[in-house]
Amino acid sequence: MHLSPDQTAILETVRDFCKEKIAPLASQYDRSGAFPWVQLGALAEIGLLGACVPEEFGGSGLDSVTYALCLEEICKADASVGVLVSVTNGLPQQMLLRYGTQAQKEQWLTPLARGEKLGAFCLTESSSGSDAASLKSTGVRDGDDWILDGQKVWITGGGKAQTYLVMVRTNPEKGARGVTCFVLDKDTAGLTFGKPEAKLGLHAAHTTTVNMSNVRIPDSQRIAPEGHGMIVALSSLDAGRIGIAMQAVGIAQAAFEAAREYAFNREQFGSRIAEFEGISFKIADMATRIHASRLMALEAARLKDAQLPYSKEASMAKLFASETANFVAKEAVQVFGGNGYSREYPVERHYRDAKITEIYEGTSEIQRLVISKQVFKDLKQ
Ligand SMILES: Cc1cc2nc3c(=O)[nH]c(=O)nc-3n(C[C@H](O)[C@H](O)[C@H](O)COP(=O)(O)OP(=O)(O)OC[C@H]3O[C@@H](n4cnc5c(N)ncnc54)[C@H](O)[C@@H]3O)c2cc1C
């Protein structure tokens, strides 16, 4: 893929940075489950916690293509760090940038974009995952304030992030149009967090419940008009899906490079296993699918930068890249044989980390729903 000299320079810097400061810690953090503050702090220093926010609000003002390529490098080094970076950049910051007032941008977006604070996105509830618009948490007006009650589940960065973008029901009669978005500070009275979930992978990216009990906030913390919460959330998820597609590409690339090196060095029956077609064709399939996934995600990012519709392309990229990550990580374990099943080698972690990319920010089934709806809509036009 052709990149401009500026993009190439940024990418080389980020690649070296991730190799030196993030990758060496990944296995240790996966095992301990410690939250990766050190890595996030280092990324904040080079401007990657506010990558696409304009400089006037404290961000780095990168285009979406450059940011996507940086995210691949971060996720290749450590997918746990990568998802925290993807969420804060792709969801809260995009929501505030697109729908926040000038005052809200100054108060809430700027500290996020400077990397002084981390952002979280709170949509899912125990009874509403894929069917997100059926959420039950409530927001009730009380004079100039709102009172928020309810529980969000599976919130990435829960209890660690400082800024929460939360969708609650403000009108029980209006379905998806009865949901409103609010921004909350972690230290607000009535806001509490559960313990980190014990998960298959992404051990360092803590995921908790976010509990709201009689949380009182002023109307100035409402993002966009009342009833627009699902529009705010879903349109931001389009950008988020490019991020998850690149997370999947990063995981796949890491597994691919490990498998390629192992196949080149491991000998059986008197030759390198890379010389057996059964292995070399796996490597070829991995390389091809990763290349296609990356191009799809970058094309969605390019459309976003050109301010053209990209919802279908973002869903296609997320679907294909996440299935690719799972395919590549599974084949990488196979190339490593018994060693692939061992914690001593990184492909075991990539195999566990890859699975989530098919689930969050819309499962593969939901991506197929989004894509098929759009494909048939194209036919009607
Ligand atoms: C590690 C992790 C981090 C997460 N981080 C966040 C976060 O930061 N913020 C947040 O808000 N949420 C987060 N989530 C929640 C995540 O987005 C949801 O888990 C996901 O959207 C699926 O919802 P669900 O788990 O309720 O599954 P369900 O919706 O119950 O789905 C169960 C199964 O049914 C399928 N299904 C459902 N509806 C249909 C349909 N119409 N057609 C075909 N199949 C269907 C699904 O694809 C899936 O296979 C996270 C989840 C995890 C595991």
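Keep in mind that this is a model prediction, so the values were computed, not measured.

Describe helix H3 (residues 37–45), and please don't skip the residues or the numbers.
Of all the positions in H3, only Gln 39, Leu 40, Ala 42, Leu 43 and Ala 44 are classed as buried. On the buried face of H3, the contacting elements are helix H1 (5–21), helix H2 (26–32), helix H4 (64–77) and helix H5 (79–90). Downstream of H3 by a residue or two, Gly 47 has a phi angle that is positive, lying close to 80°.

Go over the domain arrangement of the protein, please, and point to the residues and values.
A common measure of how large an interface is: the accessible area buried when the components associate. Annotation of the protein at the domain level lists domain 1 (5–113), domain 2 (119–230) and domain 3 (236–380). Each partner contributes to the interface: domain 1 provides 23 residues, whereas domain 3 provides 27 residues. Carbon and sulfur atoms make up 57% of the area that domain 1 and domain 3 hide from each other, which totals about 2000 Å². It is Arg 31, Glu 72 and Lys 76 in domain 1 that bury the most area against domain 3; as a group they hold 26% of the surface buried on that side. Summed over the shared surface of domain 1 and domain 3, the number is three salt bridges. In this structure, the salt-bridge partner of Lys 76 is Glu 257, at a minimum N-O distance of 3.2 Å. Here domain 1 and domain 3 share eight residue pairs in polar contact (both at pLDDT 80 or more) between them.

So what about the pattern of salt bridges? Which residues, and what values?
Counted by the stated rule, this structure contains 17 salt bridges. With a closest N to O distance of 2.9 Å, Arg 302 and Glu 299 form a salt bridge. In this pair, Arg 302 and Glu 299 are both assigned in helix H9 (residues 277–305), three residues apart and thus about one turn of the helix distant. Sharing partners across several salt bridges, the network here consists of Asp 30, Arg 343, Glu 348 and Arg 352.

So what's going on with the pairing of strand S4 (residues 163–169)? Which residues, and what values?
For S4, the buried fraction is high: seven of the seven residues fall into the buried class. Neither face of S4 is open: one carries Thr 163, Leu 165, Met 167 and Arg 169, the other Tyr 164, Val 166 and Val 168, and all of them are buried. In this sheet, S4 lies alongside strand S1 (residues 119–122) in parallel orientation, the contact comprising four bridges. Looking across to S4, one finds that Ala 120 is bridged to Tyr 164. Pairing between S4 and strand S5 (residues 179–185): seven bridges, direction antiparallel. Bridge pairing in S5 links Thr 163 to Asp 185.

Can you explain the site of the ligand? Please cite residues and give values.
Among the 18 residues in the neighbourhood of the ligand, the closest are listed as Thr 124, Ser 130, Trp 154, Thr 363 and Glu 365. With respect to the ligand, the side chain of Thr 124 contributes an N or O atom lying 2.7 Å from a nitrogen atom. Secondary-structure elements contributing two or more residues to the shell around the ligand are S1, strand S3 (145–156) and helix H12 (364–380). Tallying contributions element by element places S3 first for the shell around the ligand, with three residues. Here the shell around the ligand spans two domains, and each of domain 2 (119–230) and domain 3 (236–380) adds at least three residues to it.

Pulling in residues and values, what's your account of the environment of Phe 269?
With respect to the element layout, Phe 269 can be found in the loop between strand S9 (267–268) and strand S10 (271–272). Looking at Phe 269, the relative accessible area reads 81%, which means it is exposed. Separated by 13 residues in sequence, Phe 269 and Lys 282 have C-alpha atoms that sit 19 Å apart.

Now, about the nonpolar core: what can you tell me, with residues and values included?
The biggest cluster of nonpolar side chains holds 114 residues, and the ones touching the most others in it are Leu 43, Phe 121, Leu 123, Leu 148, Met 167, Leu 184 and Met 286. Counting residues per element, this core draws most heavily on helix H8 (residues 229–265), which supplies 19 residues. Excluding residues that lie within four positions of it along the chain, Leu 123 makes contacts with Ala 132, Leu 135, Lys 152, Ile 155, Met 167, Met 230, Ala 233 and Leu 237.

How would you sum up unusual backbone geometry? Please name residues and give values.
Despite not being glycine, Trp 154 has its phi angle at roughly 60°, a positive value. We classify Trp 154 as partly exposed; its relative accessible area is 49%. Positive phi values are uncommon outside glycine, yet Ala 224 reaches one of about 70°. Its location among the elements puts Ala 224 in the loop between strand S8 (222–223) and H8. Looking at Ala 224, the relative accessible area reads 11%, which means it is buried.

About the thresholds
- Residues numbered from 1 in each chain as written.
- Predicted model: local features only at pLDDT ≥ 70, side-chain atom pairs only at ≥ 80, totals over all residues.
- Heavy atoms only, no water.
- Buried < 20%, exposed > 50% of the residue type's maximum accessible area, 1.4 Å probe, protein only.
- Helix = DSSP H or I, 4+ residues; strand = E, 2+ residues; numbered from the N terminus.
- Contact = heavy atoms within 4.5 Å.
- Domains from an automatic or database assignment.
- Buried area = accessible area lost by both parts, 1.4 Å probe.
- Salt bridge = Lys/Arg side-chain N within 4 Å of Asp/Glu carboxyl O.
- Polar contact = N/O pair within 3.5 Å; in protein donor to acceptor, adjacent residues only side chain to side chain.
- Pairing = 2+ DSSP bridges.
- Near = heavy atom within 4 Å.
- Core = buried A, V, L, I, M, F, W, Y, C linked by side-chain atoms within 4.5 Å.

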